[in-house]
Structure formats: structure tokens, C-alpha cells
Amino acid sequence: MFVALGALAALVLTSDPPRALVGESMPAGAWRRRELWSVALLVCWPAALLHAASLVPRWRAGELDWLAPRVSGLGRALAASWCGTLAAMLSAVLLVAALAEATSGPAPALVDRGFRAGVELEAANPRSSRRWSVELPATDPGSRLAVDVAPRVYRGPTVDALLTVERGDARTLWTGRVGRAQEVLLDLPPGEGPAVLTLECVSDGAALSAPQVGARLWARAERLDGASGLFGRVALAAALSLALALGFGAWVSAASALFAVGALWTVVWLGDAPWPLPASDLFAVLDDLGRGRAAGSVPLAAWWITLAGCVVGVGLARVGLARQRRSA
């Protein structure tokens, strides 16, 4: 595992951002930071899941005869094994994260402060697609708003757009050409109170719309915001997934348990699950990291889901081990 981790990390450190592939110019440091994090998760997470899923089958195959007389309770042994696997995975991820911070230059400049729903002020029309108000907390200079813009083109491949934000007596604007759905990032006047956003279509024979009435707030980031926000998500997701793999592995084969946990997170990442899981926004967070932005704090619901899931996973492993223990 460490050979693969080292080889992939070396490949990232000696490569440049594939600008032609991603379709935009990405800062080399931000791209390198994102790719190193991706390498760590790609190698360490599956290895840890496989280890957790195969733990109880290995115990039944003979290790339990040696282990049982030496521990005060198999439940404690399961919990300790889960903690050890989690600690090993997170230690390896931390090594790569430290390498990313040491080699990737400046830290992310902006940190995600969440999406703020807006209130429609005017009905949509081809010239002024939307005008809405967004309630915002007090912000410092350097904060920005991100708005998703989608063109409806009738003539030509692109649409000229104008997006303005007004807050008090201050006003900032963005103007540019939109050829596909994209995110527009513009400066937010500092201060308190709501902001009014207006999206206008400048091109003839076309229209624009904002798929979501609102805006995402980005504030100035501290030095370790990028690493801490992402590591918090990874730690909770790893704790929950390893506990579930451990529990499923006590009832089905290790391969089936690994597949079940992987399928669970895949459904969430595809956006088809009605319930959230820790790191459900992992790909969006990694994409933002590659653009020089940091993830916000971990939602409180993720902590409760992780706690409940870990209890269920380790409990399943203990019950399965007790019911299906091989006779001596």
C-alpha cells in the first residue's frame, strides 16, 4: 500500500495541471493539493475497508482460538480493532495531507460558509432572468458570492450575461460570456444585511436562468481551513464505513461486505439517496480544493449519523461473532 501511495504521490508532484482536460486554468498548487488528497483516499480507504471487512472471517479461521483466552471481552476486542484500523488509515492520510500542504504553496483563499436561499423579487423574463434577495450575515472585505448560471441559447453557441450584487449603497458586477452551465463568482460588498442579485441577458435571441434562487457565501479562509474541513469529513466517513464493513463482514463474505459499503456511498455520491452520509459532498469538496477554495465545517447531522452508525456496525459484528462462532 505504501509503495502504491508513494508512486502515485511522486507522479502528482512531477506533473502539471491538465488544463486541456479540465477546460479551465487551475492553479498548480491547488491542483496538486487536490490530487494528493485524492491519491490518499484512493489507496488508503479501500485498503482499510478490506481489512475491516475481513477481520471477523480471519478470526473465525483460527485467530479467535488464540485471541479469546487473552481478552476480557470480544466486544472490546472488536472495538479496539475498529479503532486501530481507523487510526492506521487516518495516519496514512495525514502523511499525504502534510505532504500536500508542504508542497502546494499558498493555502485556499476562500472557505465555504454555506448556501443561502433567496427570495424572488421579480418574475423571470428573457432580458432580466431573475432578481432576488439573499439574507447574509456580517462579512469582511474579501468575501464573495457564487451563483450558478444556466444559458438557454436560441441563436449562437454562447450568451452574454451580466450579474450584479447590491448591498446598501455598494454595488459590484460581473459580465462575461456563458456557453454552458457554470458558476459565477463575484465580490460581495462588506457589511451587514441582505444582498440583492440581478441576472441579465445581454445577447439577443437567448435567455439566462439561475437554477437555484440564492447564492453560496465564500469568506476569507485561514491557513488550515482546507485541510481541516476535508480531514473532518474523511475521518467521519472512514469511522462509519469501517464500522459498517466490520459489522457486515460478520454476516457475509468480506467481498460482499466491501461491495455493500462501497455501493452505499456510491448511491449517496450519485445524489439518489434521500439521506445524507458523512463525506456525501466529497467530490464537490475536492473540486473546490482544486480551485483554491476550502470546505466549510462538517454539518452537525454528520456527527450524529456517524455515532449511530458506528454503534450499529460494531454491534452487528459482536452479535454475528457470537451467533456464528466456530466451535473449538
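Since the structure is predicted, the reported quantities are computational estimates derived from the model, not experimental observations. (Residues numbered from 1 in each chain as written. Predicted model: local features only at pLDDT ≥ 70, side-chain atom pairs only at ≥ 80, totals over all residues. Heavy atoms only, no water.)

Draft legend 1. Just the nonpolar core, in detail. Among the nonpolar cores identified, the biggest contains 61 residues, and Trp-37, Leu-78, Trp-82, Met-89, Leu-230 and Trp-265 are the most heavily contacted of them. For this core, the secondary-structure elements that each account for two or more residues are α1 (2-13), α3 (28-53), α4 (55-67), α5 (74-103), α6 (225-249), α7 (254-270), α8 (282-290) and α9 (300-323). With near-sequence residues (within four places) excluded, Trp-82 lies in contact with Ala-239, Leu-242, Ala-243, Leu-246, Cys-310 and Val-314. Judged by nonpolar contacts, the second largest core, of 22 residues, contains Leu-145, Val-147, Leu-163 and Leu-197. (Core = buried A, V, L, I, M, F, W, Y, C linked by side-chain atoms within 4.5 Å. Buried < 20%, exposed > 50% of the residue type's maximum accessible area, 1.4 Å probe, protein only. Helix = DSSP H or I, 4+ residues; strand = E, 2+ residues; numbered from the N terminus. Contact = heavy atoms within 4.5 Å.)

Draft legend 2. Spotlight on the pairing of strand β4 (residues 159-167). Most of β4 sits inside the fold, with 7 of its 9 residues counted as buried. Bridging between β4 and strand β5 (residues 170-178) involves 9 bridges; their strand directions are antiparallel. Considered in β5, the bridge of Asp-160 is made with Arg-177. The loop that links β4 with its antiparallel partner β5 comprises 2 residues; one of these, Gly-168, has a positive phi angle of about 65 degrees. Looking at chain direction, β4 and strand β7 (residues 195-201) are connected through 6 bridges and run antiparallel. Opposite Val-165, over in β7, you have Leu-197 as the bridge partner. (Pairing = 2+ DSSP bridges.)

Draft legend 3. Focus on the environment of Leu-5. Examined against the element boundaries, Leu-5 turns out to sit in helix α1. Residues Leu-5 and Leu-42, spaced 37 residues apart in sequence, show a C-alpha to C-alpha distance of 8.9 Å. Look past the residues within four positions of Leu-5 in its chain and what remains in contact with it is Val-39, Ala-40, Val-43, Cys-44 and Val-96.

Draft legend 4. Molecular detail of the packing of α6 against α8. At a closest axis distance of 11 Å, the pairing of α6 and α8 adopts a crossing angle of 165 degrees. Here α6 is positioned roughly antiparallel relative to α8, judged by the angle of their axes. In this structure, the crossing between α6 and α8 has a hand that is left-handed. On α8, the residues that touch Gly-226, Leu-230 and Arg-233 of α6 are Leu-282, Val-285, Leu-286 and Leu-289. Looking at the contact of α6 with α8 residue by residue, the classes come out as 5 nonpolar, 1 polar and 1 charged. (Axes fitted to C-alpha atoms, helices over the stretch in contact; angles between N-to-C directions. Parallel < 35°, antiparallel > 145°, perpendicular 65-115°, else oblique. Left-handed = near helix turned anticlockwise from the far one by under 90°. Nonpolar A, V, L, I, M, F, W, Y, C, P; charged D, E, K, R; others polar.)

Draft legend 5. Broad picture of the side chain of Thr-306. Its place among the elements puts Thr-306 in helix α9. Since its relative accessible area comes to 5%, Thr-306 is described here as buried.

Draft legend 6. Expanded view of the environment of Ala-88. Note on placement: Ala-88 falls in helix α5. Overall, Ala-88 belongs to the partly exposed group, its relative accessible area being 49%. Separated by 44 residues in sequence, Ala-88 and Cys-44 have C-alpha atoms that sit 9.0 Å apart.

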